[in-house]
Amino acid sequence: MNPEIGHYALVLALAVALLQTVLPIWGARTNDDALMRVGPSLALAFCGFVALSFAVLVTAYVQSDFSVLNVVENSHSMKPLLFKITGTWGNHEGSMLLWALVLAIFGGTVALFGGNLPARLKANVLGVQGSIGVAFTAFLLLTSNPFTRVIPAPAEGHDLNPVLQDIGLAIHPPLLYLGYVGFSVTFSFAVAALIDGRIDAAWARWVRPWALGAWGFLTLGIAMGSYWAYYELGWGGWWFWDPVENASLMPWLAGTALIHSAVVMEKRDALKVWTVLLAVLAFSLSLLGTFLVRSGVLTSVHAFATDPTRGVFILAILIFFIGGSLTLFAARAGSLRQGGIFAPISREGALVLNNLLLTAAAAAVFVGTLYPLALEAVTGEKITVGPPYFNLTVGALMLPVTFAMPFGPLLAWKRGDLAGAAQRLMLAFFLGLVAAGVAAYAQGGGPALTPIGIGLAAFVVLGAVVDVAERAGIGRVPAATAFARFRGLPRAAHGAALAHAGVGICLLGIVAETSWNSETIIGAKVGDRFPVGGYELTLARLEPRTGPNYRELVGVFDISRGGASVGSIESSKRLFTARNMPTTEAGIRTFGFSQLYVSLGDELPGGGLAIRAYWKPLVTLIWIGAIIMALGGVFSLSDRRLRVGAPKPARKAVPAAKPVAAE
Amino acid sequence: MLLWLAISLMTGAAIMAVLWPLRPRAGDGVSDGQADLAVYRDQLAEIDRDRAAGLIGAPESEAARTEVARRMLRVAEADAANRMATSSDRRRRLAAAVALVGVPLFAGGLYFALGSPEQGGQPLAARLDARPEQADVAILVRRVEDHLNANPDDGRGYEVIAPIYMRIGRFEDAARAWENAIRLNGSDARGQNGLGEALLAQSGGVVTAEAKAAFQAAQADDPKDPKARYFLGLAAEQDGRPQEAASIWSGLAADTPADAPWRPMLDVALARVGAPVAPTPGPSAADVAAAQQMSAEDRSAMVRGMVDRLSQRLAENGDDLDGWLRLMRAWNVLGEGSKARDAAAKARVQFAADTQALGRIDALARELGLGS
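Residues numbered from 1 in each chain as written. Chains lettered and ligands numbered in written order. Predicted model: local features only at pLDDT ≥ 70, side-chain atom pairs only at ≥ 80, totals over all residues. Heavy atoms only, no water.

Peer 1: Sorry if this is basic, but what is going on with the overall build of chain B here?
Peer 2: The helix and strand inventory of chain B stands at 18 helices and 0 strands. Relative to its full complement of 372 residues, chain B shows a buried share of 42%. Excluding contacts between residues fewer than 6 apart, the proportion of contacts in chain B whose partners are at least 24 apart in sequence is 49%. On chain B, roughly 18700 Å² of surface is accessible, and the fraction owed to carbon and sulfur atoms is 56%. (Helix = DSSP H or I, 4+ residues; strand = E, 2+ residues; numbered from the N terminus. Buried < 20%, exposed > 50% of the residue type's maximum accessible area, 1.4 Å probe, protein only. Contact = heavy atoms within 4.5 Å. Areas by Shrake-Rupley, 256 points an atom, 1.4 Å probe, with all protein chains shown as cover.)

Here it is in structure tokens:
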């Protein structure tokens, strides 16, 4: 397909986005029905044009059309098809186009499924979405045009950065963007509410699923990014407190606070202003993340862009949206009606506590990430804020959050009974203590934080179980009834319990991996044998292989335990010929939830290779926990009360359960 | 043309996205109050469901119902004051006009500023399938490369592609190709000279040890080879042995016919090291004899005069590619970078229609570091 079609489609998308910004909001101000109706059709047109533009760029990549500069710089005709496709967003221009595409799809979704939204709210929401569309399509066209041509066309491309030639690129950025940009919808709702000066009941119903969806995608995106870095970078680390990682963690923390405060708003009609502020903050932090990564402020694998005009452009976008929305918030927040009072010890109170601690954690990450940049910009002094800072601050804030987590769901709305909740958690608490004791014994000395962490993780997981069991009445009612009640529980309750259990599981993985991992760094020749965490590795052979666009040296290791062979592991170093760049492909083998991790280093002068081998106990729980969290989000999303329904015919009670009197 | 058709259709679709919803229609929007009431009704239904499933007790369910009912009442009051949306013909016409005129003007204008509508798509497969006479240079090179990847022992192939690499400025590839040609076809003067020149171009005109070894190998193959002798002389000069350079070049000059294309270059080189220059068409024997007596300044003035004459001749009759190349080299040797660049520019104009000539000019410009 002719790349120029994609180029023109992108230009039209900008034109359409401009109209989408102006017409519906104008309609909402003048209460003009016809103008407000223009919003959805323009949002769909925007979606169509951006999608067409994206499709054209993908086609150019697949067909290796080297008359497109972006393809020349980031593709290679010998690359496997999958990496040709993913290479589309493995670079600055393409990834911004993906960003715009996700934005357009979400706008289109609001337009399609927003039939029951109040007309004014819908018009304002689409208008705000349109303005974000304007900013990003203009950014693409004016500073990062993916359709720039190069004539005469070269016969071969420069290939994609080899680190990115991985299945991870197919998954990580799209998930992350679904998360980042998902918060644009909650942002649009928040700003729309501020523009109109009122929050409808439909508002909370819409904001919660979008926040949940965005949060779920962001959770998966961050987890996937962490796993990718873990196996691709060859250091065996899964979180580096790298500014780019922090950039995704900040909106996640704000988003986590948002989904909790949205519950209060939906159920109790309270915390409205706070929820609006969180919705604004979550997207602002997403934009900030985009700025940090895209402007080239940070130098890392992610910063493809080093062009200062881009940085200035994104900074302008940032100032406009964050500054504008916060100003609007300051001006209008007072006019939003507050509602719903509650005692400090109550479900609402617990959620407020959660919100305060999570926002504080986000603030801590914010300071740690931006302070060095600001300092360098002002004084020129370079400092590094490293893991100790983040571990201390974020850790200190997350500890009470996780400890309080099991209590929240057991407290009643409005007025809770803390003693009662504590009583019901006694068993979980006791088992947590047992787990901590076992951990301390197994460890036999060492940092006291480890058993505490293990105990806390167990407490959180068991607390989630207790929550569901209590609701179903297990132990108090006959088993059949309890099971029926268990099934009849709102999916949101299941979702919350699952997500909370996921946090516990993740915590367990983090504590176990950081406390008990063992590392062997050794220079080995073929036939050498060395121990790693209870296993013995033997470098069986080294063999060169040739891939489609790389050559590699593969080390094959035999694994044995107590003399018995338990399989083998392959680890390799690749050299990508087009860019003459090496990558490491760590060899990973999973035993239960733990992993054996081997990566090849440089060749040593006396023959042989430097080899790093790690034993990482329970490390997979970190990502499994994150997936369970996201799964909890899915459950919660699928809860019927979250769908905005047209006035439905009164529905009969779920027949699965007979009415049972509560105790 | 297909592109224009697509552009018109897309523009039409964008305009319709505005016009279609603007057509007069009875207000079917959901008013704020209605939407709120729908939500509250759903909440009441949920309370009933939870009550029925035994998830909440009777008192809690009553309390929740009361609260929702309170909210519903509040909305009903507010909604009574809320007018239904209307629409005005004036605003509608304005919006339609903006769509009809603004969209094509804005999109068309921006696209013409940014896009390249005259360029079609160039999928690689189609370019590779094109008939040889239609293929572009990049593709021709690639074809040979693909052939060589498949038949890495085809020495002839490397000999074909090496000069092309030189011409398009891929000196590293050229050196590698010559190395392969020498490995497969055996060492000969042509191959070794090619390798030496490629290395020379890579190092920006410095005869490195490797390059010198290549020229020596060329000379071993053919002691009379002028190229090898010239560059070995240059190596001696760069190593700070002008005497030796002068003797090598004088020997070469004696074997060089007066009309050889490299003759003027050789003369310039000879003059530079203060050696006698052979007669015509360059400086006469007398000139050269005089040159030896001259001070460095005068000598350079004499050389300059020769170069000026060449430049003048080319200005009158420019159809002499070798002349232009010689002129570029000469100015460069004299340290007149801007004049060399100027000569390159004039030569490009002269041979604008001849891609091969342009390639040679560009290659030389790159070799001399003039920027292309």
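Peer 1: Hey, could you run me through the overall build of chain A in this one?
Peer 2: What chain A contains, in helices and strands, is 20 helices and 9 strands. Whereas a compact globule of 663 residues would reach a radius of gyration of roughly 26 Å, chain A reaches 27 Å, a difference of no more than 12%. Taking the principal axes of the C-alpha coordinates as reference, chain A spans close to 80 × 70 × 55 Å. A burial count over chain A gives 60% of its 663 residues as buried. Partitioning the contacts of chain A with sequence separation of at least 6, the portion at a separation of at least 24 is 73%. Only carbon and sulfur atoms are counted for the fraction: they give 68% of the accessible area of chain A, which is about 24700 Å². Seen as two clouds, the 46 positive and the 36 negative side-chain charges of chain A have centres 13 Å apart. (Rg over C-alpha atoms; globule rule 2.2 N^0.38 Å. Lys, Arg positive; Asp, Glu negative; His and termini not counted. Charge placed at Lys NZ, Arg CZ, Asp CG, Glu CD.)

Peer 1: What is the right way to look at the pattern of salt bridges in this model?
Peer 2: It is possible for side chains bearing opposite charge to pair when their charged atoms get close. All names here are of chain B. All told, the structure shown has 36 salt bridges over all chains when counted by the stated rule. A salt bridge links Arg241 to Asp239, with the nearest nitrogen and oxygen atoms 3.7 Å apart. Because the salt bridges share partners, they merge into one network encompassing Glu145, Arg170, Glu172, Asp173 and Arg176. (Salt bridge = Lys/Arg side-chain N within 4 Å of Asp/Glu carboxyl O.)

Peer 1: Where do I start with the side chain of Glu348(A) in this structure?
Peer 2: All names here are of chain A. With respect to the helices, strands and loops of the structure, Glu348 is situated in helix H12 (residues 347–379). On the basis of relative accessible area, Glu348 is assigned to the buried category, the value being 0%. If near-sequence neighbours (up to four positions away) are discounted, Glu348 is found in contact with Val264, Arg268, Phe342, Ala412, Trp413 and Lys414.

Peer 1: Explanation requested: the sheet that holds strand S9 (residues 609–616) of chain A in the structure shown.
Peer 2: Whenever strands of a sheet pair, they do so through backbone hydrogen bonds, lying parallel or antiparallel. All names here are of chain A. Within the open sheet, the 4 strands sit side by side as S1-S9-S8-S7. Their pairing is antiparallel. Each end of this open sheet is capped by a strand with a single partner; those strands are strand S1 (518–524) and strand S7 (587–591). Sheet twist, expressed as the average angle between the axes of neighbouring strands with direction ignored, equals 15°. (Pairing = 2+ DSSP bridges. Axes fitted to C-alpha atoms, helices over the stretch in contact; angles between N-to-C directions.)

Peer 1: Please explain the packing of aromatic side chains as it appears in this structure.
Peer 2: The geometry of two aromatic rings is summed up by the distance between their centres and the angle between their planes. The final tally for this structure, using the stated rule, is 36 aromatic pairs over all chains. With centroids separated by 4.8 Å and ring planes inclined at 10°, the aromatic side chains of Trp241(A) and Phe390(A) adopt a geometry described as stacked. With a gap of 149 residues between them, Trp241(A) in the loop between helix H8 (201–232) and helix H9 (243–268) and Phe390(A) in helix H13 (residues 387–404) connect regions that are remote in the sequence. Judged on exposure class, the residue Trp241(A) and its partner Phe390(A) are both buried. Their ring planes at 90° and their centres at 5.7 Å tell us that Phe429(A) and Phe459(A) sit as a pair that is edge-to-face. Of this pair, Phe429(A) sits in helix H16 (residues 426–443) while Phe459(A) is found in helix H17 (residues 449–472), placing the two residues 30 residues apart along the sequence. Here a set of aromatic residues connected by ring pairs shows up, and it is made of Trp99(A), Phe136(A), Phe187(A), Phe283(A), Phe320(A) and Phe321(A). Sitting over the face of the ring of Tyr535(A), Arg561(A) holds its NZ or CZ atom 4.6 Å from the ring centroid. Seen from the ring of Trp20(B), Arg23(B) lies directly overhead, with NZ or CZ sitting 4.1 Å from the centre. (Phe/Tyr/Trp six-rings, centres within 6.5 Å; stacked < 30°, edge-to-face > 60°. Lys NZ or Arg CZ within 6 Å of the ring centre and 35° of its normal.)

Peer 1: What's the story with the pairing of strand S3 (residues 535–546) of chain A in this structure? I'm lost.
Peer 2: Where a strand is regular, its side chains alternate between the two sheet faces. Residue and element names in this part refer to chain A. Looking at chain direction, strand S2 (residues 529–532) and S3 are connected through 4 bridges and run antiparallel. Looking at the pairing, Arg529 lines up with Thr538 of S3. Between the end of S2 and the start of S3, which pair antiparallel, lie 2 residues, with Gly533 showing a positive phi angle near 40°. As judged from the 10 bridges shared by S3 and strand S4 (residues 550–561), these two strands associate in the antiparallel manner. Bridging from a neighbouring strand, Thr538 pairs with Asp558 of S4. Between S3 and the antiparallel strand that follows it, S4, lie 3 residues.

Peer 1: Explain helix H17 (residues 337–350) of chain B here, please?
Peer 2: Structural remark: α-helix, 3.6 residues per turn; residues separated by three or four positions point the same way. All names here are of chain B. With 14 residues, H17 ought to run about 20 Å at 1.5 Å a step, and its terminal C-alpha atoms sit 20 Å apart, in line with that. All of the buried residues in H17 are Ala340, Ala343, Ala344 and Ala347. Projection of H17 onto a plane perpendicular to its axis shows the buried side chains occupying an angular sector of 100°, all on one side. The outward face of H17, more than 90 degrees from its buried face, is lined by the exposed residues Ser338 and Val349. (Expected span 1.5 Å × (residues − 1). Arc of directions from axis to C-beta.)

Peer 1: Looking at this structure, I do not really get the packing of helix H2 (residues 33–62) of chain A against helix H5 (residues 92–113) of chain A. What am I missing?
Peer 2: Each pair of packed helices can be described by the angle between their axes along with the distance between the axes. All names here are of chain A. One can describe the packing of H2 onto H5 by two numbers: an axis separation of 8 Å at closest approach and a directional angle of 150°. Taken together, the axes of H2 and H5 are roughly antiparallel relative to one another. The hand of the H2/H5 crossing is left-handed. Of the residues in H5, those in contact with Pro40, Ala43, Leu44, Phe46, Cys47, Val50, Ala51, Ser53, Phe54 and Leu57 of H2 are Gly94, Leu97, Leu98, Ala100, Leu101, Ala104, Ile105, Gly107, Gly108, Ala111 and Leu112. (Parallel < 35°, antiparallel > 145°, perpendicular 65-115°, else oblique. Left-handed = near helix turned anticlockwise from the far one by under 90°.)

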